[in-house]
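Working through the structure, step by step
Read off the chains here:
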Amino acid sequence: MSRPYVPINCEFHDVLETVAVQRRAVPMVIEADGSEHALHARIVDITAHEGVETMRLDDGRILRLDAIVSVDGVHRDAFPPTCEIPSL
């Protein structure tokens, strides 16, 4: 059974989208099987399905965004856990 998806900070999401738009292969660190793994890949697409956000890499892998520890040197912990939605 997979663990529940934990939404990522919207500013970190923006970092992922920026890297994807730039179409550059970048260093990443992901969490898998209880440990961290380094890889170097290009983000091809970012999507959401049934409440889980994922990204597809140029090697065909699909990763949940809540498994991303860092991308291109930007660490997810540099941002608060959630984004504040401004009140109107």
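Predicted model, so just to flag it, every value in this text is computed and none were measured.

Some remarks on the pattern of salt bridges
Inspection of the entire model under this criterion finds five salt bridges. Between Asp66 and Arg3 there is a salt bridge, with the nearest N and O atoms lying 2.9 Å from each other. One end of the pair, Asp66, is in the loop between strand 4 (62–64) and strand 5 (68–71); the other, Arg3, is in the segment before helix 1 (10–22), and 63 residues separate them in sequence. A residue is classified by how much of its surface remains accessible, and Asp66, at 7% relative accessible area, is buried. Overall, Arg3 belongs to the partly exposed group, its relative accessible area being 41%. Between Arg61 and Asp59 there is a salt bridge, and its shortest N-O distance comes to 2.7 Å. The class for Arg61 is partly exposed, based on a relative accessible area of 36%. Here Asp59 falls in the partly exposed class, since its relative accessible area comes to 43%.

Here's the deal with the nonpolar core
Of all hydrophobic cores here, the largest spans 19 residues; its most connected members are Leu16, Met28, Ile43, Met55, Leu57 and Val71. Secondary-structure elements contributing two or more residues to this core are helix 1, strand 1 (25–32), strand 2 (35–49), strand 3 (52–57) and strand 5. Looking at this core, the element that brings in the most residues is helix 1, giving five residues. In this view, Leu57 contacts Met28, Leu39, Ala41, Arg42, Ile43, Val44 and Leu63; residues no more than four positions away in its chain are not counted.

What to know about the side chain of Asp66
Of the polar contacts made by the side chain of Asp66, one reaches the backbone nitrogen of Val6; its length is 3.0 Å. Once residues within four sequence positions are removed from consideration, Asp66 is found in contact with Arg3, Pro4, Tyr5, Val6, Ile8, Glu31 and Arg76.

Details of the sheet that holds strand 6 (residues 74–75)
One open sheet accounts for six strands, arranged 4-3-2-1-5-6; its pairing is antiparallel. The sheet is open, and its two borders are formed by strand 4 and strand 6, each paired with just one other strand. Taken together, the three bridges between strand 3 and strand 4 define a ladder with antiparallel strand orientation. Directly across from Thr54, in strand 4, lies its bridge partner Arg64. Packed on one face of the sheet, helix 1 meets strand 1, strand 2, strand 3, strand 5 and strand 6 and runs near 55° to strand 5.

A look at the layout of surface pockets
Each pocket or cavity is described by its volume, and for the largest pocket that value is around 190 Å³. What lines the largest pocket is a set of 13 residues, and nearest its centre among them are Pro7, Ile8, Asn9, Arg76 and Pro81.

Parameters at a glance
Residues numbered from 1 in each chain as written. Predicted model: local features only at pLDDT ≥ 70, side-chain atom pairs only at ≥ 80, totals over all residues. Heavy atoms only, no water. Salt bridge = Lys/Arg side-chain N within 4 Å of Asp/Glu carboxyl O. Helix = DSSP H or I, 4+ residues; strand = E, 2+ residues; numbered from the N terminus. Buried < 20%, exposed > 50% of the residue type's maximum accessible area, 1.4 Å probe, protein only. Core = buried A, V, L, I, M, F, W, Y, C linked by side-chain atoms within 4.5 Å. Contact = heavy atoms within 4.5 Å. Polar contact = N/O pair within 3.5 Å; in protein donor to acceptor, adjacent residues only side chain to side chain. Pairing = 2+ DSSP bridges. Axes fitted to C-alpha atoms, helices over the stretch in contact; angles between N-to-C directions. 1 Å grid on protein atoms, 1.4 Å probe; cavity = no way out; pocket = protein on both sides within 12 Å on 5 of 7 lines; lining within 4 Å. Points joined across faces, edges and corners; volume = space filled by probe spheres on them.

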